Amino acid sequence: MEKKLRIAVYPGSFDPLTNGHIDIIDRGRKIFDKIIIAVLHNPSKKALFSVDERVGMIKKTFKNGKNGNSIEVDSFGGLLVEYAEMKNAIAVLRGMRAISDFENEFQMALMNRRLSRKVQTVFLMTGLRWIFTSSSIIKEAAQFGGDIASMVSNPVKLKLEEKFEKFKKRK
Ligand code: PNS
């Protein structure tokens, strides 16, 4: 009998993907057969990068690894649990950095559980070195020329430089 793949959806804004996200994905891959990195398409939330740009950066980041079929990059809109069910996922993977993440994550997990009993939320703790990184703080540092090379993958670094170079030229 064919073994059923244990699939997890790792959802987020990923505006952009950081090394903290990659750390969670690497940890998740030790538990699940496949991780679907799913970028939320949310027109009401202002983002620096378009969904296509975000998906593109994530795909480039994972392109050279020995991923086989263990990583899929996608985007979704609407309800996360409906998307997860559609993808036959058994879990939603979320990273937890500090206590400050807890309240919001707890609320989302409980809401998702109300909405679907088929999908479990699995929290993984980020490595200590990524506790203080976030997409927003990285964007802020990059905007003012800060060195963010150790906090993001090379494709993300290049794209941030390109984006802020464009902004500089417009001034
Ligand atoms: O990286 P983020 O912005 O913290 O990710 C938030 C995300 C995408 C996980 C959350 O906004 C989400 O799941 N949105 C989809 C809409 C949904 O299902 N809402 C109900 C549960 S809160």
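Residues numbered from 1 in each chain as written. Predicted model: local features only at pLDDT ≥ 70, side-chain atom pairs only at ≥ 80, totals over all residues. Heavy atoms only, no water.

Draft legend 1. Structural detail: the nonpolar core. Among the nonpolar cores identified, the biggest contains 30 residues, and L17, I35, I37, I58, F62 and L160 are the most heavily contacted of them. Of all the secondary structure elements, the ones that give two or more residues to this core are β1 (7–12), α1 (19–28), β2 (34–40), α2 (51–63), β3 (71–76), β4 (91–96), α5 (135–143) and α6 (154–170). When residues of this core are assigned to their parent elements, the largest contribution, five residues, is made by α2. If we ignore the near neighbours within four places in the chain, the residues touching L17 are I22, I25, I58, T61, F62, V152 and V156. One finds I7, F76, Y83 and A84 within the second-largest nonpolar core, a separate group that totals eleven residues. (Core = buried A, V, L, I, M, F, W, Y, C linked by side-chain atoms within 4.5 Å. Buried < 20%, exposed > 50% of the residue type's maximum accessible area, 1.4 Å probe, protein only. Helix = DSSP H or I, 4+ residues; strand = E, 2+ residues; numbered from the N terminus. Contact = heavy atoms within 4.5 Å.)

Draft legend 2. Molecular detail of the sheet that holds β2. Pairing is parallel in the open sheet, where five strands are placed in the order β3-β2-β1-β4-β5. Whereas interior strands pair on both sides, the edge strands pair on one side only; in this sheet they are β3 and β5 (120–125). In this sheet, adjacent strand axes meet at a mean angle of 30° when their direction is disregarded. Alignment of β2 against β3, held across six bridges, turns out to be parallel. (Pairing = 2+ DSSP bridges. Axes fitted to C-alpha atoms, helices over the stretch in contact; angles between N-to-C directions.)

Draft legend 3. Just the site of the ligand, in detail. Around the ligand sit P11, G12, S13, L40, K45, G78, L79, L80, R94, M108, M111 and N112, and that is every residue in its neighbourhood. R94 places a side-chain nitrogen or oxygen 3.0 Å from an oxygen atom of the ligand. Burial of the ligand by the surrounding chains reaches 73%, relative to a free accessible area of 540 Å². Elements with a contribution of two residues or more to the shell around the ligand: β1 and α4 (99–115). Of all the elements, α4 adds the most residues to the shell around the ligand, at three residues. Tallied by class, residues from the shell around the ligand come to six nonpolar, four polar and two charged. (Near = heavy atom within 4 Å. Polar contact = N/O pair within 3.5 Å; in protein donor to acceptor, adjacent residues only side chain to side chain. Areas by Shrake-Rupley, 256 points an atom, 1.4 Å probe, with all protein chains shown as cover. Nonpolar A, V, L, I, M, F, W, Y, C, P; charged D, E, K, R; others polar.)

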